[in-house]
Amino acid sequence: MALSLHACILLLKEHHLLKSSAVQSDVDTDMTGIAYDSRKVSGPTLFFCKGNHFRPIYLSMAKDNGATTYVAEKPYVEGNGMNALIVVNITKAMAILAAAFYDFPQDDLFVIAFTGTKGKTTSAYFTRGILEEAHPKHVALFSTIDRIVGPNPDQRFKSDLTTPESVDLFHDMRAAVDNGMTHLVMEVSSQAYLRNRVFGLSFDVGFFLNITPDHIGPNEHPTFANYLHNKLQLVVNSRQVVLNAETEHFDEVYAAATTTTYPDSIYLYASTDFKPQRDDIEIDFRFASQTLNTTYSQFQLIPVTDKAAALNVGGQYQLSLIGDFNESNATAAIIGAGLAGVDGAKAMPGIRQVTIPGRMEHLAIPGHGTVYVDYAHNYGGMKALLHFLKAEYHDPRMAVVVGSPGDKGVSRRPGFSKVLNEYATTAYLTTDDPGFEDPAKIAAEIDAGIDHDQVQVETILDRREAIQTAIEASRDGGIVVVAAKGADPYQKVRGIDTPWPTDMAVVKEVAANLAQA
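Residues numbered from 1 in each chain as written. Predicted model: local features only at pLDDT ≥ 70, side-chain atom pairs only at ≥ 80, totals over all residues. Heavy atoms only, no water.

Once that is clear, we can look at the overall build of the protein. The helix and strand tally for the protein stands at 16 helices and 26 strands. Taken over C-alpha atoms, the radius of gyration comes to 24 Å for the protein, in line with the 24 Å a tight globule of 517 residues would show. With the C-alpha coordinates aligned to their principal axes, the bounding extent of the protein is approximately 75 × 55 × 40 Å. Every one of the 517 residues in the protein was classed for burial, and the buried ones make up 56%. Long-range contacts, defined here as pairs at least 24 residues apart, represent 66% of the contacts in the protein between residues at least 6 apart. Here the protein has roughly 21,000 Å² of accessible surface; of this, 49% comes from carbon and sulfur atoms. Considering the protein, the positive charge centre built from 43 side chains and the negative charge centre built from 61 side chains are found 3 Å apart. (Helix = DSSP H or I, 4+ residues; strand = E, 2+ residues; numbered from the N terminus. Rg over C-alpha atoms; globule rule 2.2 N^0.38 Å. Buried < 20%, exposed > 50% of the residue type's maximum accessible area, 1.4 Å probe, protein only. Contact = heavy atoms within 4.5 Å. Areas by Shrake-Rupley, 256 points an atom, 1.4 Å probe, with all protein chains shown as cover. Lys, Arg positive; Asp, Glu negative; His and termini not counted. Charge placed at Lys NZ, Arg CZ, Asp CG, Glu CD.)

This is the structure we're talking about:
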């Protein structure tokens, strides 16, 4: 991969991002590297001075390592002798130039993208499962859990971010194309738009699953309005759009979709008992739950409109991933696969076997009930999970082990208090990625909103101990829910990813010890 200084200048001008340029070398000379981390610079590289914590010493280090051009929002004396591109917005410039450096890999992929407060990961895995049935070993995945850029085991690795920085995103897209991938299923977070990680990127199919307050705080979105605005950018930048008609703020979501997409390319879905508030829209797909238990779920997908019927995806579907809320996620995935040309004959077996690390994993422990591990990490996700378990187990005693991240997601804390009041018998408040905050303070904030007359509360900051205590205290017929971390293999503590064996690994360890006792 390579990019000339001349091409950079033209692209930045085209997108009205270039304020000024200082050229010290031949504008046609290629740069063979691109980086925003000085430690990753080697040879003639295009280097980005980005981030609130950027220090000029990083530019000096990049220069020493061979960087020939820097991009920044202001000039730096440390860049003397380098080509300088001064831009209006560094993150937008980085996205535009990264796409060009990697030769626009999105053009060689059919890209399906999901946004929503909850359900992104599940819907993405369902979609990939279906597409893999039709195109084996040709479907890439960029999710909160995994990044899959090729068919081999060494081309699958754990994700650091739901949607990575643009340089990393386009690098992985190029790797996927070079590895023979033809389709890409990806999650797109609100932060991806807030930080311009996907600026300039268009999607073949874009989904808006739902929205509830989340990611609102000093280091994330300042307000819910800002959170919604950033979520809406995905439907604005998609050629075909699929919307959950049952989402909150549907009118705003639908209006955003219609600004850039013809109504014929917008598909709406909802459960059979949902009644739209508007007479001027028509639901394209309905889904009806048929069998739902703690082993599997089965539902009917019903095309309603002619354009829905044309996708040929209607019929009866079975899921290994339990939970009534997953039928809505599955419906979205089936429609998305249909828009990618995969009919029901492939979709049915493709979705049936899909399982997801850290999503509705469960283990029955003799004498101590059943333990569920799930990534539910906000009010909406936790409510859907606990509501389902309460109904399926006929109002059991329910213990919930939960914490909340530090430095972000501040709005989740009162949400956890609320949902614990609604469903939990006992709450074990513990540590979950505290970052630079005191985990005891975070737990105290959740505890402050809990009704202690309804819910017994224990604060056990050691997460392993909290899980063990909850399981040991549970009895036959009881449910223990270990929430919010799912399959995360680390705890984020003061800027360091501290290894964590995953919640389910700890659950299994506790179960083994109890069996030997």
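Another point: the sheet that holds strand 13 (residues 203-208). With respect to topology, 11 strands assemble into an open sheet ordered 11-10-9-12-8-13-14-15-16-17-18, the strand pairing being mixed. The open sheet terminates on both sides in strands that have one partner only, identified here as strand 11 (156-158) and strand 18 (315-319). Averaged over all adjacent pairs, the angle separating strand axes in this sheet is 20 degrees, with direction ignored. Against the sheet, helix 8 (residues 250-260) touches strand 13, strand 14 (238-244) and strand 15 (266-271), its axis set at about 165 degrees to strand 14. (Pairing = 2+ DSSP bridges. Axes fitted to C-alpha atoms, helices over the stretch in contact; angles between N-to-C directions.)

In the structure shown here, the tally under the stated rule is 22 salt bridges. Between Asp432 and Lys485 there is a salt bridge; the shortest N-O distance is 3.9 Å. Taken together, the residues Asp432 in the loop between strand 22 (426-429) and helix 14 (439-448) and Lys485 in the loop between strand 24 (479-483) and strand 25 (490-493) connect sequence positions 53 residues apart. Accessibility classification places Asp432 together with Lys485 in one group, the buried group. Salt bridges here are not isolated pairs; linked through shared partners, they connect Arg413, Glu437, Lys441 and Glu445. (Salt bridge = Lys/Arg side-chain N within 4 Å of Asp/Glu carboxyl O.)

It is worth spelling out the packing of aromatic side chains at this point. Enumeration according to the criterion identifies 11 aromatic pairs in this entry. Relative to Tyr76, the ring of Phe54 has its centre 5.5 Å away and its plane inclined at 65 degrees; by these criteria the two rings are edge-to-face. Of the two residues, Phe54 is situated in the loop between strand 5 (45-48) and helix 2 (56-64) and Tyr76 in the loop between strand 6 (67-72) and strand 7 (83-87); the sequence distance between them amounts to 22 residues. An identical accessibility class is assigned to Phe54 and Tyr76; each is buried. In textbook terms, an aromatic cluster arises when at least three aromatic residues are bridged by ring pairs, as seen for Phe47, Phe54, Tyr58, Tyr70 and Tyr76. Sitting above the plane of the Phe142 ring, Arg147 keeps its charged end 4.1 Å from the centroid. For Lys307, the ring lying beneath its charged end belongs to Tyr267, and the centroid distance is 4.8 Å. (Phe/Tyr/Trp six-rings, centres within 6.5 Å; stacked < 30°, edge-to-face > 60°. Lys NZ or Arg CZ within 6 Å of the ring centre and 35° of its normal.)

It is worth spelling out the pairing of strand 13 at this point. Taken across its 6 residues, strand 13 has 6 buried, putting it largely inside the fold. Relative to strand 14, strand 13 is paired through 5 bridges, and the arrangement is parallel. Residue Phe203 lies in a different strand from strand 14, and its bridge partner there is Ser238.

Taking 1.5 Å per residue, 12 residues should reach 16 Å; helix 13 (residues 412-423) reaches 16 Å between its end C-alpha atoms and fits that length. Taken across its 12 residues, helix 13 has 9 buried, putting it largely inside the fold. If you check which residues of helix 13 are buried, you get Arg412, Arg413, Gly415, Phe416, Ser417, Val419, Leu420, Asn421 and Tyr423. Close packing links the buried residues of helix 13 with helix 12 (379-392), strand 21 (398-402), strand 22 and helix 14. (Expected span 1.5 Å × (residues − 1).)

Take Asp395: it is sitting in the loop between helix 12 and strand 21. Residues Asp395 and Leu97 lie 298 residues apart in sequence; the distance between their C-alpha atoms is 55 Å.

Another point: the nonpolar core. In this structure, Phe285, Met382, Leu386, Val400, Val402, Leu420 and Val481 are the most contacted members of the largest nonpolar core, which totals 68 residues. Contact partners of Val402, with chain neighbours within four places excluded, come to Met382, Phe416, Leu420, Tyr428, Leu429, Thr430, Ala483 and Ala484. Within the second largest apolar cluster, 47 residues are counted, among which are Ala93, Tyr102, Val111 and Ala140. (Core = buried A, V, L, I, M, F, W, Y, C linked by side-chain atoms within 4.5 Å.)

The 6 strands lie next to each other as 19-20-24-21-22-23, forming an open sheet whose pairing is mixed. Edge positions in the sheet fall to strand 19 (361-364) and strand 23 (456-459), since each has one partner strand and no second. Neighbour to neighbour, the strand axes of the sheet diverge by 15 degrees on average, direction disregarded. Of the strand pairs in this sheet, strand 19 and strand 20 (residues 370-374) are connected by 4 bridges, and their pairing is antiparallel.

Most peptide bonds take the trans configuration, and most residues that are not glycine carry a negative phi. The phi angle at Asp103 is positive, at roughly 60 degrees, despite the residue not being glycine. Examined against the element boundaries, Asp103 turns out to sit in the loop between helix 3 (90-101) and strand 8 (110-115). Even without glycine at this site, His249 takes up a positive phi of about 60 degrees. Mapped onto the elements, His249 comes out in the loop between strand 14 and helix 8. Residue His249 is classed as partly exposed on the basis of its relative accessible area, which comes to 31%.

With that settled, the discussion passes to the pairing of strand 20. Most of strand 20 sits out of view: 5 of its 5 residues are buried. Judged by which residues are buried, strand 20 turns out to be covered on both faces: Thr370, Tyr372 and Asp374 on one side and Val371 and Val373 on the other are all buried. Between strand 19 and strand 20, which pair antiparallel in sequence order, lie 5 residues; one of them, Gly367, sits at a positive phi of approximately 85 degrees. The sheet contact formed by strand 20 and strand 24 spans 5 bridges and is parallel. The residue bridging Asp374 from the neighbouring strand is Ala483, located in strand 24.

Turning next to helix 4 (residues 120-134). For helix 4, built from 15 residues, the straight-helix expectation of 21 Å at 1.5 Å per residue is met to within 8% by its first-to-last C-alpha distance of 21 Å. Burial runs high along helix 4: 12 of the 15 residues are buried. Within the span of helix 4, buried status applies to Lys120, Thr121, Thr122, Ser123, Ala124, Tyr125, Phe126, Thr127, Arg128, Gly129, Ile130 and Leu131.

Read these as spatial facts, not as claims about activity.
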